[in-house]
Amino acid sequence: MTPAEGQIESKPPLQVRARRWWKKNKWFALVVILPTALVATYLYAMASDQYVSEAHYLVRTQGGNNPAPASGITAALGFGGGGGVGAASEAQSISDYLTSHDVVQTLQKKLNLVRLFRRPEADIVSRLPVENPTPEFLLRYYQSQVDVYYDVDNGITTLKSRAFRPQDAYLLTRTLLDLGEQRVNEMNIRGFSDAVALSRRQLDEAERALTQVQAQMTQYRQSERDVDPAGSAQAQIGLVSRLSQELSAARSQLQTTRGLIGDGSPQVEALRQQVRSLEAQVNAQNSRLTGGSGTIAAGLGGYERLRIQQELLVKRYDAAGAVYEQARQNAVRQQLYVVRVVDPNLPVKSIYPKRALTVLTVLCALLVIYAIGWLIAAGVREHAV
């Protein structure tokens, strides 16, 4: 027998070598090789391609305030300011809304999410597992397929939608953007109403009070049959003053005539009659002006009170109008709108599943687990000896 033949005969058969290897590396195969092989088999043989459509947007106010502090790219874009805190909170609220059950219900009505996530080409592990999911289950699956990330550094929100068809991913992202803009418009309407509600109510109250006073003044003019009571009072005062002057002149003329021609003259008697007539007129006009409750002075007091109220209410109405206009302008400046930084794309190549990266990650994680277990087992054996 030659040495080569002896070596061939002494070499153990393949089955024996396999049993020895399995006995020596059983736990390595069970913990590392087998799970990695299963994951690789699923990813490369069964897993369906998934396409991602991505869009970027930011929420701004009419005043141009940025939702983030003015630093870095924020300053380069020209954003920033004290009013940005509100815009930032609104942008975050929009992000939260796009992953809420309200949006899921709306998308189910618009796009039929269940059908979209249960396409025939979807594998059994990746697709929505049930045909009639509960709202909570559908929300959890939707949140695993849609990612909304708000970057506090630059205020830009990144929206990613994943689906089993490129058109589905694009349609889902575009619809989400439309829903976000619709929610911003709803917030604008509600915010505008809330901002101007108080000033508008004050303006309406001032207008009603002014209208009531004007109605009372009109009623007073109709009851007194006098369009301008203040003007009538001035005219009456002027009449009394003129009659008083004429009476004074007539008395002076009477005294002069009596001194020249005596008391028995017909001219003197005529002057006496003129003086008595003027005295009667003066007394009558004075009585009409200030003689009692029905006089011009008594009525003028009520009219002047209404006129003063009218002047004060006009000032109040003007002030309320100015406050309302300022509140309206401030509300307009705080109106939000969505700026589409990057429109949704129609994907061409699938991004998920990341097969090589996933297999490598699983392999590394299992190697770490195996190494930790091996160290623990070695330590136990060493202490047992």
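The rules behind these values
Residues numbered from 1 in each chain as written. Predicted model: local features only at pLDDT ≥ 70, side-chain atom pairs only at ≥ 80, totals over all residues. Heavy atoms only, no water. Core = buried A, V, L, I, M, F, W, Y, C linked by side-chain atoms within 4.5 Å. Buried < 20%, exposed > 50% of the residue type's maximum accessible area, 1.4 Å probe, protein only. Helix = DSSP H or I, 4+ residues; strand = E, 2+ residues; numbered from the N terminus. Pairing = 2+ DSSP bridges. Axes fitted to C-alpha atoms, helices over the stretch in contact; angles between N-to-C directions. pLDDT = per-residue confidence, 0-100. Contact = heavy atoms within 4.5 Å. Parallel < 35°, antiparallel > 145°, perpendicular 65-115°, else oblique. Left-handed = near helix turned anticlockwise from the far one by under 90°. Nonpolar A, V, L, I, M, F, W, Y, C, P; charged D, E, K, R; others polar.

## Quick look at the nonpolar core
Link 1 in the chain: Leu107, Tyr142 and Leu176 are the most contacted members of the largest nonpolar core, which totals 37 residues.
Link 2 in the chain: Grouped together as the second largest cluster of nonpolar side chains are 7 residues, Leu203, Ala206, Ala320 and Ala331 included.

## Describing the pairing of strand E2 (residues 146–150)
Link 1 in the chain: Covered by surrounding structure in E2 are Val146, Val148 and Tyr150 only, the residues Asp147 and Tyr149 on the alternate face being uncovered.
Link 2 in the chain: Examined bridge by bridge, E2 and strand E3 (residues 156–163) share 5 bridges and lie antiparallel to one another. Within the sheet, the bridge partner assigned to Tyr149 lies in E3 and is Thr158.
Link 3 in the chain: Counted along the chain from E2 to the antiparallel partner E3, the turn is 5 residues long, and its residue Gly155 has a positive phi close to 75 degrees.

## Some details on the pairing of strand E1 (residues 51–61)
Link 1 in the chain: Within E1, 9 of the 11 residues are buried, leaving the element largely enclosed by the surrounding structure.
Link 2 in the chain: In this structure, E1 lies alongside E3, joined through 8 bridges in antiparallel fashion. Across the sheet, the residue bridging to Tyr51 is Ala163, located in E3.
Link 3 in the chain: One ladder, built from 6 bridges, connects E1 with strand E4 (residues 336–342); its direction is antiparallel. Paired with Tyr57 across the bridge in E4 is Arg340.

## Side note on the sheet that holds E3
Link 1 in the chain: Spatial strand order, E2-E3-E1-E4: 4 strands in an open sheet with antiparallel pairing. Both edges of this open sheet fall to E2 and E4, since each of them pairs with a single strand only. When strand polarity is set aside, the average angle formed by the axes of neighbouring strands in this sheet is 25 degrees.

## With respect to the confidence of the model for the protein chain
Link 1 in the chain: Looking at the protein chain, the pLDDT average stands at 79 and 78% of residues meet or exceed 70.
Link 2 in the chain: Every residue in residues 65–85 is under pLDDT 50, and counting partners more than four places away or in other chains gives 37 contacts.

## Points about the packing of helix H2 (residues 14–46) against helix H12 (residues 355–384)
Link 1 in the chain: It is at 10 Å that the axes of H2 and H12 come closest, and there the two elements cross at 170 degrees. Between H2 and H12, the crossing angle belongs to the class labelled roughly antiparallel. Crossing of H2 against H12: the hand is right-handed. Of the residues in H12, those in contact with Trp27, Phe28, Val31, Val32, Pro35, Thr36, Val39, Ala40, Leu43 and Tyr44 of H2 are Arg355, Ala356, Thr358, Val359, Val362, Leu363, Leu366, Leu367, Ile369 and Tyr370.
Link 2 in the chain: For the contact of H2 with H12, the per-class residue count stands at 17 nonpolar, 2 polar and 1 charged.

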